[in-house]
Number of protein chains: 2
Amino acid sequence: MRRRDLLLLIGATAGATAMYQAMTRLGFAAESPYRGPITLEGDPKGASVIILGAGLAGMTAAYELARAGYKVQILEYNTRPGGRNWTIRGGDTYTELGGAAQQCLFDDGLYLNPGPWRIPYHHHAILDYCRRFGVALEPFIQLNHNAYLHATEAFGGRPQRIREIKADFEGAIAELLAKATRKGALDEAVSKEDQEILLEALRAQGGLDKDFRYKAGDDAADFRGYARDPGGGLAAAPSNGEPIGLHDLLTSRLWRGLQNFALYDFQTTMFQPVGGMGRIGEAFARQIPKVIRYGAKVTAIQQDDHGVAVVFEDLHGGGSVEEATADWCVCALPLSILSQIDVNVSAPMKAAIDAVPYASVVKTGLQFRRRFWEEDEQIFGGISYTNLPIRQISYPSTGFNAAGKGVLLGGYTWGGPNSYELTAMSPADRIKVALDCGAQIHPQYASEFETGISVAWHRVPFTLGCAGEWTDETRRQHYGNLCQIDGRIVLAGEHASYIPAWQEGAILSALDAITRLHKRILASR
Amino acid sequence: MRRRDLLLLIGATAGATAMYQAMTRLGFAAESPYRGPITLEGDPKGASVIILGAGLAGMTAAYELARAGYKVQILEYNTRPGGRNWTIRGGDTYTELGGAAQQCLFDDGLYLNPGPWRIPYHHHAILDYCRRFGVALEPFIQLNHNAYLHATEAFGGRPQRIREIKADFEGAIAELLAKATRKGALDEAVSKEDQEILLEALRAQGGLDKDFRYKAGDDAADFRGYARDPGGGLAAAPSNGEPIGLHDLLTSRLWRGLQNFALYDFQTTMFQPVGGMGRIGEAFARQIPKVIRYGAKVTAIQQDDHGVAVVFEDLHGGGSVEEATADWCVCALPLSILSQIDVNVSAPMKAAIDAVPYASVVKTGLQFRRRFWEEDEQIFGGISYTNLPIRQISYPSTGFNAAGKGVLLGGYTWGGPNSYELTAMSPADRIKVALDCGAQIHPQYASEFETGISVAWHRVPFTLGCAGEWTDETRRQHYGNLCQIDGRIVLAGEHASYIPAWQEGAILSALDAITRLHKRILASR
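Parameters and conventions
Residues numbered from 1 in each chain as written. Chains lettered and ligands numbered in written order. Predicted model: local features only at pLDDT ≥ 70, side-chain atom pairs only at ≥ 80, totals over all residues. Helix = DSSP H or I, 4+ residues; strand = E, 2+ residues; numbered from the N terminus. Buried ≥ 20, exposed ≤ 12 C-beta atoms within 10 Å, placed from the backbone. Contact = placed C-beta atoms within 7 Å. Pairing = 2+ DSSP bridges. Nonpolar A, V, L, I, M, F, W, Y, C, P; charged D, E, K, R; others polar. Least-squares fit on C-alpha atoms with pLDDT ≥ 70 in both. Core = buried A, V, L, I, M, F, W, Y, C linked by C-beta atoms within 7 Å. Axes fitted to C-alpha atoms, helices over the stretch in contact; angles between N-to-C directions. Parallel < 35°, antiparallel > 145°, perpendicular 65-115°, else oblique. Left-handed = near helix turned anticlockwise from the far one by under 90°. Expected span 1.5 Å × (residues − 1). pLDDT = per-residue confidence, 0-100.

Moving on, we come to the overall build of chain A. When helices and strands are tallied, chain A shows 16 helices and 22 strands. The dimensions of chain A, computed from C-alpha atoms along their principal axes, are 80 × 70 × 45 Å. With 525 residues in all, chain A has 55% of them scored as buried. A fraction of 69% describes how many contacts in chain A between residues 6 or more apart in sequence connect residues 24 or more apart.

This is the structure we're talking about:
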């Protein structure tokens, strides 16, 4: 019996769930570590858990533990849920470390996601929670062939359409390999029969002509587009542009921007919540009413054989000091914060907490009077890459082709000297840098800019950095210790995962932590 | 003064329009033949134009001519606007040539676009009309790395994730070319300095390891994904899958499906109207109230020195024969229809009308109880390609990640023997073929199918085929004659464009035709 016939039989007789289980076993379904909603079986008998931090890890833990029968409470520094799951909208205010306060003046419906902003299709857990909690998603356009690649030293500083660089690079590669193949350079590695198919494939993929050349003509135009597009009626024939030569392509280094088109983390189809990433944190919070205490700044975490006591300042109550207690603790604070808090855990866990630096990241949102990138330049979503300090300009993945204003992500600088230089600046100066850099790619900046907002993550009071940065070495030495249950405390968050800096890592970390904690609690009776 | 400084100056002093014009002249903006809304200057002094066909070409002509002051009327065979711009929704009925009647039983909100279903970013004219007429667009996901490539003879008939075939093919190509480069096979064609950069680029693009090999490991996983994805907490390290070998890749021929990822016509970002492609035709019709006469089947078109007379059957009036007259005529009927109508045009135009065959295309929509392709297989939009008669399965680009039902495009067969075989079948048999084929890719078909609908374009009464199929030879011989103004008649439609089978071709053809007609009319005074 063939594998597929078996599946058809299973589907017809046993229904969808059995079919899916069979598909997974037979290798048809994705091998995600997430296997759908968890079930924590067994009665916790009134046990209580205090959770620190109402980010996605903390709220996942609270939601699932409450469903399993635990008494849960969350202490949260901010006055909103979500943590780094955060959307800044018009009317919001934000004060960074150093005291600079910004009021967001964006128009209604426009926003900046300072933290996470996109969800890969293979982040099964967050997609499942969005489905269960009714968070509407829309495609996030990561890959846009009509956006730009730009480098100050390449092509006289003139931005190049990604599609032209991509088509011309792939065409040149295909032509070179076809030439090498026909010269016999592959004879040792590839059979003659396979070489024939390879040549056919190179021609098809690379836009080569019948003589395996990549040159101006219909074959290349199928990929790179035209100098003048085809039209209608008389005088409508298209004209072809001249491909960029290999030497210019290589020395421009613009090909560095092309790998984003293929990376697993950025492949189609990606998503964003309609209305901003913060919609996810808000949806989680609605599932756990009255569980979150906002404005609670944790200053100490102490455990003994009987329970956990957490000391915190009530920021709403003028800084009065309070204590909350529970049987167990899930600490979902960033390590950058936790490492500054008095916590009595084992030496190996403490060493792990102190071992992970946090990334320096700066994002700047810019509101413009009109969506000139769409109207003038036919760039609908996606990202332009540059070697300027802003590194990226990302175009909004919503409100396509409509009149009116829009907000660009005018800079997204991850790590490196530029991120530290920007962090050292005032928000107003960061916005000025974003405008000066962006105008080199979009001259319309000069006449269309209205207002901006900038977030430098090392100045964000509740996290002091964007995400934990592991190395192979720190992971080998510390990761296991970080994830162990230490007495009555277990950690959760993107830092306690193999998917750092992604929301999926935070959720999977929390699910793993509470699953183990639950077993420990049942076993400790 | 640098080009860019000039633009900044223009933008700051003269505003957006001047900036855009300057950008275009300096080569920054796209070279589309569409230059924004047309203006037909000069008073038509009461001249009348009869337009045949309320598809996008006919309605574009009517809208723009009416704006310019002409008296316009449209005769339309169907009881709805749009022509091939058509969405079938639950409750609709459709009777094809041969008499088979189908009632669409799709749930509310679900639909099939039997004709056009996607809009490229570089189709400037239709995007502009959507903007002006308030048609909301959403991304159409054409390229989905997690959809399948499938061939009955490849990999035991087991569908392969596009991302794996794509990453492994590109990795193998990069490895081969790196090997050839290092052996000196490129020494004649590429300088040593450029070879060094080329190797760096091949490693970055191809997911090669430090020794320029494409093999199971972190570098390949960055592109092809994992056997087991990274997770959170303990035991969360990912595991890598084994890449598919070059011989298997080549002989599978699945690489044929990859070129869609790069073609200009299918590149990101594509669009569809929210609610179905038919929203565009409906929006055009709202702009020209009382202009369209529905249920009018044109049977003869006669012109003389004074005007044009069109004979038509009033299908609503039991087939009574009527005549409509005007000073001029824009005929936007498909050539497949027009070639069967008595029309007194010049011999060269008549020859052109008769010279263009129409494509045989079959589309089948299938409603399923749940969106198993998303829930079970993480396929969000995009297209799976197969060598089975259905050729494609396209997943809906709306309602992502939500519970509930969904409609797949369960088959889209363009040309070739399969399209004729399917056309010869009853709609019920076409649906059965779609189910049988589709179940080889998605075994869930067996348990989840509810209802389907199928359109074979050679049986569509109002067009008798999908779109005009030009060859280089017929275009050389006939295209110019087809597009000429013949006395008082000019033709319009996708067939009178260099963008056949696309709505953009229909609109650009109409704009070109009426621009020339208007000049002729003013000059004829």
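Below, the discussion takes up the sheet that holds strand E16 (residues 342-343) of chain B. All names here are of chain B. The 4 strands are arranged E14-E13-E12-E16 in an open sheet whose pairing can be described as mixed. Taken across any chain shown, the strands that pair with only one partner, and hence form the sheet edges, are strand E14 (320-326) and E16. Alignment of strand E12 (residues 296-303) against E16, held across 2 bridges, turns out to be parallel. If you follow Ala 300 over to E16, its bridge partner there is Asp 342.

Quite often, the size of an interface is put as the accessible area lost when its parts meet. Each partner contributes residues to the interface: chain A has 106 residues there, and chain B has 107 residues. The element contributing the most residues to the side of chain A that touches chain B is helix H1 (residues 3-25) of chain A, with 10 residues. Classifying every residue of the side of chain A that touches chain B gives 60 nonpolar, 30 polar and 16 charged.

What follows covers the relation of the copies chain A and chain B. Taken as rigid bodies, chain A and chain B are interconverted by a rotation of 180° and an axial shift of 0.0 Å, the fit giving an RMSD of 0.0 Å. Interpreted geometrically, this transformation is the action of a two-fold axis. Within chain A, the C-alpha atom positioned nearest to the axis of rotation is that of Leu 177 of chain A, 2.8 Å from it. The overlap is high: 99% of the interface residues of chain A also sit at the interface in chain B, so the same surface is used on both sides.

Below, the discussion takes up the nonpolar core. Counting 319 residues, the largest nonpolar core has Val 330 of chain A together with Val 330 of chain B as the members making the most contacts within it. Among residues more than four places away in sequence, those in contact with Val 330 of chain A are Val 49, Ile 51, Gly 58, Ala 61, Val 490, Ala 492, Ala 513, Ile 514 and Leu 517 of chain A.

A few words now on the sheet that holds strand E16 (residues 342-343) of chain A. Residues and elements named next belong to chain A. Overall, mixed pairing links the 4 strands, which are arranged E14-E13-E12-E16 in an open sheet. Every other strand in the sheet has two partners, leaving strand E14 (320-326) and E16 as the edge strands with one partner each. Here strand E12 (residues 296-303) runs beside strand E13 (residues 308-314); their pairing, made up of 7 bridges, is antiparallel. Residue pairing in the sheet places Ala 300 in a bridge with Val 311 of E13.

Another point: the packing of helix H4 (residues 162-182) of chain A against helix H5 (residues 192-206) of chain A. Residues and elements named next belong to chain A. The N-to-C vectors of H4 and H5 enclose an angle of 160°; their axes lie 9 Å apart at closest approach. Judged on the interaxial angle alone, H5 and H4 are roughly antiparallel. Along this stretch, H4 crosses H5, giving a crossing that reads as left-handed. In contact with Glu 170, Gly 171, Ile 173, Ala 174, Glu 175, Leu 177, Ala 178 and Thr 181 of H4, H5 contributes Gln 195, Leu 198, Leu 199, Leu 202, Gln 205 and Gly 206. Residue classes in the contact of H4 with H5 are distributed as 7 nonpolar, 5 polar and 2 charged.

Residues and elements named next belong to chain A. Following Thr 268, the chain continues into Thr 269 via a peptide bond in cis, with omega recorded as 5°. By the element assignment, Thr 269 lies in the loop between helix H7 (246-252) and strand E10 (270-273). Phi is positive for Phe 212, which is not a glycine, with a value near 65°. By the element assignment, Phe 212 lies in the loop between H5 and helix H6 (218-224). By C-beta crowding, Phe 212 is classed as partly exposed, having 17 other C-beta atoms within 10 Å. Positioned with a positive phi, Gln 378 is a non-glycine residue whose angle comes to about 55°. Residue position: Gln 378 is located in the loop between helix H11 (372-375) and strand E18 (383-386).

Right, let's talk about helix H2 (residues 56-67) of chain B for a bit. Residue and element names in this part refer to chain B. Between the first and last C-alpha of H2 there are 16 Å, a value that for 12 residues agrees with the 16 Å anticipated at 1.5 Å per step. Burial analysis of H2 places 10 of its 12 residues in the buried class, the great majority of the element. Those residues of H2 that are buried are in contact with strand E1 (48-52), strand E2 (71-75), helix H8 (278-287), strand E15 (328-331) and helix H16 (503-523). Gly 69, located one to two residues past H2, shows a positive phi value of around 105°.

This paragraph deals with the packing of helix H3 (residues 124-133) of chain A against helix H16 (residues 503-523) of chain A. Residue and element names in this part refer to chain A. At their nearest, the axes of H3 and H16 sit 8 Å apart, and the two run at 85° to each other. For the element pair H3 / H16, the angle class is roughly perpendicular. Residues Ala 125, Ile 126 and Tyr 129 of H3 lie in contact with H16, whose contacting residues are Gln 503, Glu 504, Ile 507, Leu 508 and Leu 511. Its residues assigned to classes, the contact of H3 with H16 shows 6 nonpolar, 1 polar and 1 charged.

Next up on the list: the confidence of the model for chain A. Chain-level statistics for chain A give a pLDDT mean of 94 and a share of 94% at 70 or above. Predicted complex, confidence summary: ipTM 0.93, pTM 0.94.

Take the environment of Phe 271 of chain A next. In this structure, Phe 271 of chain A sits in strand E10. When the C-alpha atoms of Phe 271 of chain A and Glu 138 of chain A are compared, they prove to be 5.5 Å apart, with 133 residues separating the residues in sequence. When neighbours within four sequence positions are excluded, Phe 271 of chain A is seen to be in contact with Ile 119, Leu 137, Glu 138, Pro 139 and Phe 140 of chain A together with Phe 400 of chain B.

All names here are of chain B. Along the polypeptide, Gly 307 turns up in the loop between E12 and strand E13 (308-314). Using a count of 16 C-beta atoms within 10 Å as the deciding quantity, one classes Gly 307 as partly exposed. For Gly 307 and Glu 41, which are 266 residues apart along the polypeptide, the C-alpha to C-alpha distance reads 22 Å. Those residues in contact with Gly 307 that lie beyond four places of it in its chain are Thr 325, Ala 326, Asp 327 and Arg 488.

Residues and elements named next belong to chain A. In this structure, Leu 149 sits in strand E8 (residues 148-150). A residue is classified by how many C-beta atoms lie within 10 Å of it, and Leu 149, with 25 of them, is buried. In this structure the C-alpha to C-alpha distance between Leu 149 and Ser 384, which are 235 residues apart in sequence, comes to 5.7 Å. Leave out the neighbours within four places in its chain, and Leu 149 touches Pro 159, Gln 160, Ile 162, Ile 165, Leu 254, Gly 257 and Tyr 385.

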